[in-house]
Structures are given as structure tokens and as C-alpha cells.
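Spelled out, the chains give:
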Amino acid sequence: MQTLERLTITEDVRRLMARYVRYADNQRWNDLANLFTEDGTFTPHRPDGSVWMRMNGRAEISATVGASGGAGVTLIHHLFSDEIDVDSAVSARGVFAMEDIVTRPEDAEVSEAIPFRHMHGFGHYHARFVRTDGSWRIAELTQTRVRLDFSD
């Protein structure tokens, strides 16, 4: 593979992940889910390494991730240093350092499912990307956590 092709794929994947966090921040759940392949998966983990949940397919990703938003919720996601490995013209893998902040309204109910009003998290997105129909999509996304801080 030529250097220019590898660099172009790397930039395409960076832009895909930038759209992912922008759509999350703007609570555009269907747009976010459409960045995945039809059978794409999203698996967030807790800081202890255990699986928090596993979402399969665009509809489940949209509905489940969308449940974390809602009226009055502010979401902030940042991606930092990335490591992108281009496997072929249609396959790539990447790791992206990330930080997220979720602020729920003061009157939001705290429950076992959502045990906070304010969350500040740090970790990494591990992704596998594929190119289908001329566009890069997320085939697998795993979110690992280094730290999660919850407060009222």
C-alpha cells in the first residue's frame, strides 16, 4: 500500500471518530448509529474491566446510547492521541484516548442504571473499521475506562 493511501485512510478514520463524538455531544443518536456497520457492536466497560453492556446493531446502539441523553442532559466528549493501523484498503484498527463529561439536571433521578448526576470519565476507544459502499464505518467499538468519577 502506498504512503498516500495509508495517510488518506488514517485521516478518514480520524474524521469518522470526530463525527462520532460530535453526534454524541449533540444527541444525534440515529446519525451516530449510522456510523456503524449494520451489524456493528459497541461495548463499554467499567474501570474494573468488566463489560458494562453490549449493544448489537444500529437500532440497539441508537436506542441504548440515546437513553443516556434526554432533556437537560449535557454531553461532552473529547478524543486525544490516536493510534491507527491500516490493515488494508478496506480494514483498519485504532485506539483513541478519550474523556467524557455527562451533566444531568439537578432534579434528575439517580438510579442503579444511571447512578449519578455528574460524571467525568477517562479511557480509550478501541475500534475496528471497515470500508463498505465507499464509506468507512465502525464495525466494532469497545470503550475501556481508566477512571470514572461520579458526583451529585
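Keep in mind it's a predicted model, so treat the numbers as computed, not measured.

A. Quick peek at the environment of phenylalanine 42. Topologically, phenylalanine 42 is positioned in strand S1 (residues 36-44). Relative accessible area serves as the criterion here: at 5%, phenylalanine 42 is assigned to the buried category. Note: C-alpha distance between phenylalanine 42 and histidine 126 (84 residues apart in sequence) is 10.0 Å.

B. A look at the pairing of strand S5 (residues 118-132). Pairing between strand S4 (residues 91-103) and S5: 13 bridges, direction antiparallel. Opposite serine 91, over in S5, you have valine 130 as the bridge partner. Strand direction decides the pairing type here: S5 and strand S6 (residues 135-151), joined by 15 bridges, are antiparallel. Residue methionine 119 lies in a different strand from S6, and its bridge partner there is phenylalanine 150.

C. Fine view of the side chain of arginine 117. Relative to the assigned elements, arginine 117 resides in the loop between S4 and S5. In terms of polar contacts, arginine 117 uses its side chain to reach the backbone carbonyl oxygen of alanine 108, at 3.0 Å. Leaving out residues up to four positions away in the same chain, arginine 117 has contacts with Val102, Thr103, Arg104, Pro105, Glu106, Ala108, Val110, Ser151 and Asp152.

D. Fine view of the packing of aromatic side chains. All told, the structure shown has six aromatic pairs when counted by the stated rule. On the numbers, 5.1 Å between centres and 15 degrees between planes, the contact of phenylalanine 116 with phenylalanine 150 is stacked. Of this pair, phenylalanine 116 sits in the loop between S4 and S5 while phenylalanine 150 sits in strand S6; the two residues are 34 residues apart in sequence, bridging distant segments of the chain. Note on phenylalanine 116: relative accessible area 8%, which makes it buried.

Reading guide: rules and limits
Residues numbered from 1 in each chain as written. Predicted model: local features only at pLDDT ≥ 70, side-chain atom pairs only at ≥ 80, totals over all residues. Heavy atoms only, no water. Helix = DSSP H or I, 4+ residues; strand = E, 2+ residues; numbered from the N terminus. Buried < 20%, exposed > 50% of the residue type's maximum accessible area, 1.4 Å probe, protein only. Pairing = 2+ DSSP bridges. Polar contact = N/O pair within 3.5 Å; in protein donor to acceptor, adjacent residues only side chain to side chain. Contact = heavy atoms within 4.5 Å. Phe/Tyr/Trp six-rings, centres within 6.5 Å; stacked < 30°, edge-to-face > 60°.

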